[in-house]
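Results of the structural survey
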Amino acid sequence: MPKQKLLVLYAASSSPDSPVGAWSVFDGTGRERHMAGDEDEPPYSSVLAAMRDGWRVIQLPQLQAAAPGDEHETAFLPYEFVLEKLVDG
């Protein structure tokens with residue numbers, strides 16, 4: 001039975017070909033265990049590169065304009081892409 005793997009990529013912009021700056025991997029097969037900061041380099045350079053390797057995009061970032069005066073405030077990472085891949089369990 002296929003198992004789901006999730007890959008959350010935070011890109012530099014809303015474009016799937018923009019560089020990845022942060023990421024999380026969740027392996028539903030139980031074969032791999034990941035935690036924040038366990039890799040120095042992202043698994044893919046862009047969302048598009050992950051798509052070319054068989055990952056399917058299931059969520060695109062919502063585009064929201066910054067409130068006037070808040071353009072330089074820090075908060076959550078805004079360009080989150082959620083991808084999935086089904087692999088043999």
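Structure: above.
Below you will find a few notes about this structure. Per chain, residue numbering runs from 1 following the sequence as it is written. Since the coordinates come from a predicted model, pLDDT governs what is reported: local features require at least 70, and pairs of side-chain atoms require 80 or more to be given and counted, while whole-chain, interface and lining totals use all residues. Based on all heavy atoms of the structure, the side-chain values leave hydrogens and waters out of the count.

Now for the pairing of strand β1 (residues 2-11). As judged from the 9 bridges shared by β1 and strand β4 (residues 80-88), these two strands associate in the antiparallel manner. Of the residues in β4, the one forming a bridge with proline 2 is aspartate 88. Two strands are counted as paired when DSSP detects at least two bridges linking them. Every helix listed is a DSSP run of H or I at least four residues long, and every strand listed is a run of E at least two residues long, numbered separately from the N terminus. The pairing of β1 with strand β2 (residues 20-27) spans 7 bridges and is antiparallel. Within β2, the residue paired with leucine 6 across the bridge is phenylalanine 26.

With that settled, the discussion passes to the sheet that holds strand β3 (residues 56-59). In any sheet, the strands associate via hydrogen bonds between backbone groups, in a parallel or an antiparallel arrangement. Ordered by their spatial adjacency, 4 strands build an open sheet running β2-β1-β4-β3, and the pairing between neighbours is antiparallel. With partners counted over all chains shown, the strands left at the sheet margins are β2 and β3, one partner each. Strand-to-strand twist in this sheet, taken as the mean axis angle between neighbours without regard to direction, amounts to 30°. In this analysis an axis means a line fitted to C-alpha atoms, helices contributing only their contacting stretch, and an angle means the value between N-to-C directions, from 0 to 180 degrees.

Moving on: the environment of serine 15. Among the secondary structure elements, serine 15 is positioned in the loop between β1 and β2. Separated by 11 residues in the primary sequence, serine 15 and glutamine 4 place their C-alpha atoms 25 Å from one another.

Turning next to the environment of tryptophan 23. Along the chain, tryptophan 23 turns up in strand β2. We classify tryptophan 23 as partly exposed; its relative accessible area is 21%. Taking the C-alpha atoms as reference points, tryptophan 23 and tyrosine 10, separated by 13 residues in sequence, lie 5.9 Å from one another. In what follows, residue pairs with any heavy atoms lying within 4.5 Å of each other are defined as contacts. For tryptophan 23, the residues in contact, after removing those within four places along its chain, are Val8, Leu9, Tyr10, Glu39, Asp40, Glu41, Pro42 and Pro43. Each residue is placed in one exposure class: buried if its accessible area under a 1.4 Å probe, protein chains only, is under 20% of its type's maximum, exposed if it is over 50%, and partly exposed if it falls in between.

A probe matching the size of a water molecule, rolled over the atoms, marks out where space remains unfilled. Only protein atoms enter the 1 Å grid, on which a cavity is a set of points fitting a 1.4 Å probe that cannot get out and a pocket is an open set with protein on both sides within 12 Å along at least 5 of 7 lines, lining residues being those with an atom within 4 Å of a point. Grid points are joined across faces, edges and corners, and a volume is the space filled by probe spheres set on the points. There is about 180 Å³ of room inside the second largest pocket. Its residues assigned to classes, the lining of the second largest pocket shows 7 nonpolar, 1 polar and 5 charged. As a working rule, the residues Ala, Val, Leu, Ile, Met, Phe, Trp, Tyr, Cys and Pro are called nonpolar, Asp, Glu, Lys and Arg charged, and the rest polar, with Gly in that last group.

Let us look at the nonpolar core. Throughout, nonpolar core names a set of buried Ala, Val, Leu, Ile, Met, Phe, Trp, Tyr and Cys residues whose side chains join them through atoms within 4.5 Å. Core analysis: the biggest nonpolar cluster contains 11 residues, these being Leu7, Leu9, Ala11, Val20, Val25, Tyr44, Val47, Ala50, Trp55, Phe81 and Leu83. Mapped onto this core, the elements with two or more residues apiece are β1, β2, α1 (47-52) and β4. Counting residues per element, this core draws most heavily on β1, at 3 residues. Not counting the four nearest positions on each side in its chain, leucine 7 is found in contact with Ser24, Val25, Pro43, Tyr44, Ala50, Trp55, Phe81, Val82 and Leu83.

So, about the side chain of lysine 5. Mapped onto the elements, lysine 5 comes out in strand β1. For lysine 5, a relative accessible area of 14% corresponds to the buried category. Beyond its immediate stretch of four places on either side in the chain, lysine 5 contacts Phe26, Asp27, Gly28, Glu32, Trp55, Leu83, Glu84, Lys85 and Val87.

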